[in-house]
Amino acid sequence: YRFLSLLAITVVLVYPKESSPCSVFNLDRGDVLRVGRNLDWYEGSFGRLSFEPATDDGYGYVFFSMDDHIWPQGGMNDQGLVLGMTATPFLEIVGNPDGADMDLDFWENLFRQCATIDDVLAYLALFDLSSQEDYFELGQMLFTDATGDSAIVEGDIIHRREGDHQFMTNFLISHPELGYHPCPRF
């Protein structure tokens, strides 16, 4: 944890222009689970927090987004499920032609219904993730649950965590040859 904190502070202080790419991480030391993220900042963009209380039908949650995006770039529900997203180079995904199309309730329903990584992966399997053109093809997600389990989702490629941490930024773990977007940490 100290190493990750020192690394983040060093990058921001020594390379301020290079510190803007999104980063998402988790670190599970057994007694403490830490998650963190940053969003790119663009001049003229404003962050937004959206809170939704728990209902009889599901969990409560908070979303983190920017004023010019329809869907969140991160969030957390009252079960401890955390999401962080990053932009990536285009990666064509196969999709699920038998799955449902994603609609505007996609993220709300995920956070109301899912508490674990297994729940998230089962939920995602119900949808054709290619139904929203250039959405899952241009980004990836790191989900972490309260138990410390986590997975990076690159469209239809899943990377389950091995070891005590997972980290991602603006390049694809499965296809680093595609390059950074716009991540100098590549």
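Thresholds applied
Residues numbered from 1 in each chain as written. Predicted model: local features only at pLDDT ≥ 70, side-chain atom pairs only at ≥ 80, totals over all residues. Heavy atoms only, no water. Helix = DSSP H or I, 4+ residues; strand = E, 2+ residues; numbered from the N terminus. Buried < 20%, exposed > 50% of the residue type's maximum accessible area, 1.4 Å probe, protein only. Contact = heavy atoms within 4.5 Å. Pairing = 2+ DSSP bridges. Axes fitted to C-alpha atoms, helices over the stretch in contact; angles between N-to-C directions. Phe/Tyr/Trp six-rings, centres within 6.5 Å; stacked < 30°, edge-to-face > 60°.

**Here we look at the overall build of the protein**
Phase 1: When helices and strands are tallied, the protein shows three helices and twelve strands.
Phase 2: Going through the 186 residues of the protein one by one, you find that 41% of them count as buried.
Phase 3: Excluding contacts between residues fewer than 6 apart, the proportion of contacts in the protein whose partners are at least 24 apart in sequence is 58%.

**Examining unusual backbone geometry**
Phase 1: Backbone geometry at D134 places phi at a positive 60 degrees, although glycine is not the residue there.
Phase 2: Secondary-structure assignment places D134 in the loop between β8 (127–128) and β9 (139–144).
Phase 3: The exposure class assigned to D134 is partly exposed, which follows from its relative accessible area of 38%.

**Re the sheet that holds strand β1 (residues 23–28)**
Phase 1: An order of β2-β1-β12 is seen for the three strands of this open sheet, with the pairing classed as antiparallel. The two strands at the open ends of the sheet, each matched to only one other strand, are β2 (33–38) and β12 (165–168). Adjacent strand axes in the sheet meet at a mean angle of 5 degrees when their direction is disregarded.
Phase 2: Relative to β2, β1 runs antiparallel, the two being bridged by six bridges. What sits directly across from F25, in β2, is G36.

**Some thoughts on the pairing of strand β3 (residues 47–52)**
Phase 1: Counting buried positions along β3 gives zero out of six residues, so the element sits mostly on the surface.
Phase 2: Pairing analysis gives six bridges linking β3 to strand β4 (residues 61–66), with the strands arranged antiparallel. Each residue of the ladder has a partner; that of E52, found in β4, is Y61.

**Thoughts on the environment of L172**
Phase 1: As for its placement among the helices and strands, L172 is situated in the segment after β12.
Phase 2: For L172, a relative accessible area of 1% puts it in the buried group.
Phase 3: Separated by 81 residues in the primary sequence, L172 and L91 place their C-alpha atoms 8.6 Å from one another.
Phase 4: Filtering out sequence-adjacent residues up to four positions away, L172 remains in contact with T88, P89, L91, Q140, E154 and L178.

**Digging into the packing of aromatic side chains**
Phase 1: Evaluation of the coordinates by the stated rule reveals eleven aromatic pairs.
Phase 2: Ring centres 4.5 Å apart and planes at 40 degrees place the aromatic pair Y61 and F63 in the tilted group. There is no split in this pair, since Y61 and F63 are both buried.
Phase 3: Aromatic side chains Y61 and F111 sit 6.2 Å apart centroid to centroid with 45 degrees between the ring planes, which places their arrangement in the tilted category. Residue Y61 is located in strand β4, and its partner F111 is located in helix α2 (residues 106–113); the two are separated by 50 residues in the primary sequence.
Phase 4: Accessibility expressed as a relative area gives 8% for Y61, which makes it buried.
Phase 5: Three or more aromatic residues joined by ring pairs make a cluster, and in this case those are F106, W107, Y123, F127, Y135, F136 and F143.

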